[in-house]
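# Notes for the structure review
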Amino acid sequence: MSTAPAVQSNADSAAAPAIRVRGCRVHNLRNIDIDIPRDQMVVITGPSGSGKSSLAYDTLFAEGQRQYIESLGTYARQFLAQLERPDAESIDGLQPTISIDQRAGTANPRSTVATVTEIYDYLRLLFARVGDAYCYQCNRPISQQHPEQILEALLRLPEGTRLMLLAPLVRGRKGEHAEVFESIRKLGFVRARVNGQVYELDAVPALVRQKKHTIEAVVDRLIVREGIRPRLAESLHSTLHHGEGLAIAMHQPAGSAPEAWSDIVFSTEYACPECGISYEELEPRTFSFNSPYGACPACSGLGHRRAFDDELLAPDASLTLADGAIVPWRVAKAKNGNGRSFTCRASRLKPLTALAEAGNFTLDVPLESLKPKARGILWNGTDTVPGVLSLLEAEYATAKTDADRDALEPFRDDIPCAECHGARLRPEARSVRVGDRTIQQVTSLPVDQSSQFFSALQLTGDKQLIAAAPLREINSRLRFLHHVGLDYLTLDRAADTLSGGELQRVRLATGLGSALVGICYILDEPSIGLHPRDNQRLIAALRDLQQQGNTVLVVEHDEAVMRACDWLVDMGPGAGKHGGTVVAEGPPDAVSANDASITGRYLAGTTQIDLPAERRPVNPKRVLTLEGATCHNLKSVDVSVPLGVLTCVTGVSGSGKSSLFEETLARALARKLNGTGPRPGAHTGLRGVNLIDRFVQIDQTPIGRTPRSTPATYIGVFDEIRKVFAQTREARLRGFTASRFSFNVAEGRCSECQGQGQQRLEMNFLPDLYVECPACRGKRFNRQTLEIKYKDKSIADVLDLDIDEGIVFFENFPVIARMLACLADVGLGYLSLGQSCITLSGGEAQRIKLCAELGRSATGNTLYLLDEPTTGLHFDDVRRLLEVMQRLVTAGNTMIVIEHNLDVIKSADWIIDMGPEGGAGGGQILFAGMPEALAAEPSNNTGKFLAPLLQRP
């Protein structure tokens, strides 16, 4: 391998503690040897596909995890996901590794910023130990309830009520609990309620040890009548004694159905003296929306429920019910001169007529003209007439086929829970306060306001002592979130709504808060989504982690992070088979001085991305205008986007860029152009839609969910390749069509591996082993299909070609060569045609989507919206991406790019800058104009960093 000029002697290098990798051949790594300094901040960079992740994640992290897991017993190892052993001769000096990457990890809708950072664990402990309980009905403080008060409450039950007094003994604990039943028997009781079912002790079923169980002893069974007071008082005393202050009154009103039993919980510790509502003892799980003891019973702790959304059902309020305003109930009429028109399905006219009579309106009135009361009756119905929402829920529940249910699914959305209003917790937990705030009020605060609340929190006596440790942990994590520029996030923000960079920095807060020492932290582009202004805050946080005695290993393309590191490793020189070597390593200055390093040349300034020769003029008559946007933190924003130019949207994290353009403009455009789509953010108007023919949103979501999805299949070039094979003489003789050469079709693919080329073997306590399919030898196709050759290559051989090779191989087929050239133009020539899409990064997926659009027939009036397309891109890759984007705009299309990369910003024709801060301090348009005008704004955060890059030679 070639390296940077030596910066220390070999003797010094040998003496310094280092992670030493020898003979590494993971993926495209070419038998490399490298020494990575320990206890320093190290950055690994290089072009996309050069082997950075192969070295950082698939080698160092995989080996660190393997060493840890192999230290455990074989029983524990079978429950842990294990990575494959890296293909290397030796890896020495590796510390325990922690990976903090961009992946969502889990799509669990319950995860929030507070739970990911563990702040919520300490909040639950704080509220359980020092919280003051209030009645959720009358808002009075909860006080201890005397047994005499409980007795009076029971005696007030209607005469004839059947009553069972239960003493709680086990509350949601795993085990068989044989000793509990034995103790009940010794106490003289003959019945117990187990998991809600009453049994004779001799008939209790065996309990599953691995499941949680609830067990209550049945102390007495009574009927409320005159003269029962002495017996009830004695039984209640016994129940409270055995239940340690808790008693459950299981009662059934006289004359009700046999199953109509319900519970009342009484406690001598927590009870409202006015309402008689009793609370169980406050515990941390009381405040957990992941536990049945804390979760809202209506939504099971999700804060929302899946239901039909009236805005999705009727996106065009100018239509009448008779004209098919309710989309799933409309049918098309014959086409006329104005295009396709609709009418309401005949079978739905009768229930709609009944609703119209109940609401005193007609089916010929546009929905936008209905009064609020009439609109409420239409959707929710009355006591006697079911509303549209109820009718659709019944239709969805009774759908006979998956196709019928799938047809209704686009009109459903997550609706806030009507009981907890998104708080996720049961009423008892929602009414406990610390410092006059409930736990849901605290978590709804942004990080900066949460920090202020806890700093100002005044506790006295024992409460101050008890709260000291939880508050210390909470404040340390809040400080870190502030340091890395995430103070605009609320603690209850769902983790699955965060960007990759935001999630990575949130997870990093946990690592910093744990105060571990001697760890190798591996991070994947933590600067994603971060404005240049906040880079130093991130670097300072990484330095804090390193100075605690850890090695911080960062895969990164950001210039500021590279210059701030102790040791820079440049991989390359190219991508795929052209990469996999260490081109240069050493301090950043040493790499900058190495002419062999393309990264070094960009750092030294000898190579750079040139400014465009001229800016495209803006036509004031060709603009798309969004008015009155108020989604999230937007402050009634009006924005005009010029058409036919490259527009870059900038601003600090949380300033409202995604709220304005992705959640409002993009969704509003989709509804205008397609007639339906997700609900857009609140706005008052959208003008200029008639000036565009098509809208395309390109984000970083995965482009394939199965191993069979490949770049070739996604952009459609594989269809053309299959046609080439189907047109060969041998294929025509055998009667093979193009479908024969698809590994998604049974007739041509290998029947053993179903076209995957490999099989998974479960190895119990060892990592799952993926072995080459013995039938097709990894070729994916059956023998007959593989016998068809074009230029001496089978269809499997063609899929093994990388994209650059494919361009040459299919040079005589202009359509194929053009589509593959698009991929090469955006720097993806190193990918193989048959590479599984599930192995691609978010940046690679976004560029493939862009190429798929390039391959379509262009109308010249398409609006593209891209969200940080430079994610994962090296300086040189950004240059190539910009060339493709400029080509699209030159063809007459419009490009809107949400981006922090200064090279993209300086190349734009128009800039819309948002801010001035994140969260509540943002949500405004600070600037709209050409880059040179922005650079002239002395107080603008983006302009300060942009100005030095606009100096033309």
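Preceding this paragraph is the structure being described.
Residues numbered from 1 in each chain as written. Predicted model: local features only at pLDDT ≥ 70, side-chain atom pairs only at ≥ 80, totals over all residues. Heavy atoms only, no water.

### Considering the pattern of salt bridges
Heads up, the condition is: What counts as a salt bridge is simple: a side-chain nitrogen of Lys or Arg found within 4 Å of a carboxyl oxygen of Asp or Glu. To qualify as a helix, a DSSP run of H or I must reach at least 4 residues; to qualify as a strand, a run of E must reach at least 2; elements of each kind are numbered from the N terminus. Using a 1.4 Å probe on the protein chains alone, a residue whose accessible area is under 20% of its type maximum counts as buried, one over 50% counts as exposed, and one in between counts as partly exposed.
All chains considered together, the criterion is met by 48 salt bridges. A salt bridge links Glu 216 to Arg 171; the nearest nitrogen and oxygen atoms lie 3.3 Å apart. Remark: Arg 171 occurs in strand E7 (residues 162–174) and Glu 216 occurs in strand E10 (residues 212–223); sequence separation between them is 45 residues. Judged by its relative accessible area of 19%, Arg 171 falls in the buried class. Where Arg 879 meets Glu 883, a salt bridge forms, and the shortest distance between an N and an O atom there is 3.1 Å. With a gap of 4 residues between them, Arg 879 and Glu 883 both fall in helix H32 (residues 875–890), about one helical turn apart.

### Some remarks on the packing of helix H11 (residues 372–380) against helix H12 (residues 388–397)
Put simply, the rule reads: To get an axis, fit a line to the C-alpha atoms, keeping to the stretch in contact for a helix; angles then go from 0 to 180 degrees between the N-to-C directions. The cut-offs work like this: below 35 degrees is roughly parallel, past 145 is roughly antiparallel, 65 to 115 is roughly perpendicular, and the gaps in between are oblique. Contacts are assigned to residue pairs with any non-hydrogen atoms lying within 4.5 Å of each other. When residues are sorted by character, Ala, Val, Leu, Ile, Met, Phe, Trp, Tyr, Cys and Pro go into the nonpolar class, Asp, Glu, Lys and Arg into the charged class, and all the rest, Gly among them, into the polar class.
Two elements in contact, H11 and H12, have axes separated by 4 Å at closest approach and are oriented at 15°. The angle between H11 and H12 falls in the class roughly parallel. Residues Leu 378, Trp 379 and Asn 380 of H11 pack against Val 388, Leu 389 and Ser 390 of H12. Considering only residue class, the contact of H11 with H12 consists of 4 nonpolar, 2 polar and no charged.

### Things to note about unusual backbone geometry
Of note, the bond from Gly 572 into Pro 573 is cis; its omega dihedral lies within 30 degrees of zero at 0°. With respect to the helices and strands, Pro 573 occurs in the loop between strand E23 (567–572) and strand E24 (581–586). The omega torsion across Gly 915 and Pro 916 is 5°, close enough to zero to call that bond cis. Residue position: Pro 916 is located in the loop between strand E34 (910–915) and strand E35 (924–929). Phi at Glu 525 is positive, roughly 50°, even though this residue is not glycine.

### Looking at the packing of helix H10 (residues 349–359) against H11
Here is the rule we go by: Crossing handedness follows the turn of the near helix against the far one: under a right angle anticlockwise gives a left-handed crossing, and clockwise gives a right-handed one.
One can describe the packing of H10 onto H11 by two numbers: an axis separation of 9 Å at closest approach and a directional angle of 150°. Between H10 and H11, the interaxial angle falls into the category roughly antiparallel. Crossing angle aside, the handedness with which H10 passes H11 is right-handed. Within the contact between the two elements, H10 uses Leu 352, Leu 355, Ala 358 and Gly 359 and H11 uses Ala 374, Ile 377 and Leu 378. Residue composition of the contact of H10 with H11, by class: 6 nonpolar, 1 polar and no charged.

### As for the sheet that holds strand E8 (residues 191–194)
The strands making up a sheet associate through hydrogen bonds between their backbones, and the pairing can be parallel or antiparallel. Operational definition: For two strands to pair, DSSP has to find at least two bridges joining them.
As summarised here, the arrangement of the 6 strands in space is E9-E8-E10-E7-E11-E12, forming an open sheet in which the pairing is antiparallel. Single-partner strands in this sheet number two, and they are strand E9 (197–200) and strand E12 (262–267). Each adjacent strand pair in this sheet contributes to an overall mean axis angle of 35°, direction not counted. When E8 meets E10, the two strands line up antiparallel, connected through 3 bridges. Opposite Val 194, over in E10, you have Ile 215 as the bridge partner. Against the sheet, helix H6 (residues 147–155) contacts E7, strand E11 (246–252) and E12, and its axis sits at roughly 160° relative to E12.

Purely geometric stuff here, so don't read any function into it on its own.
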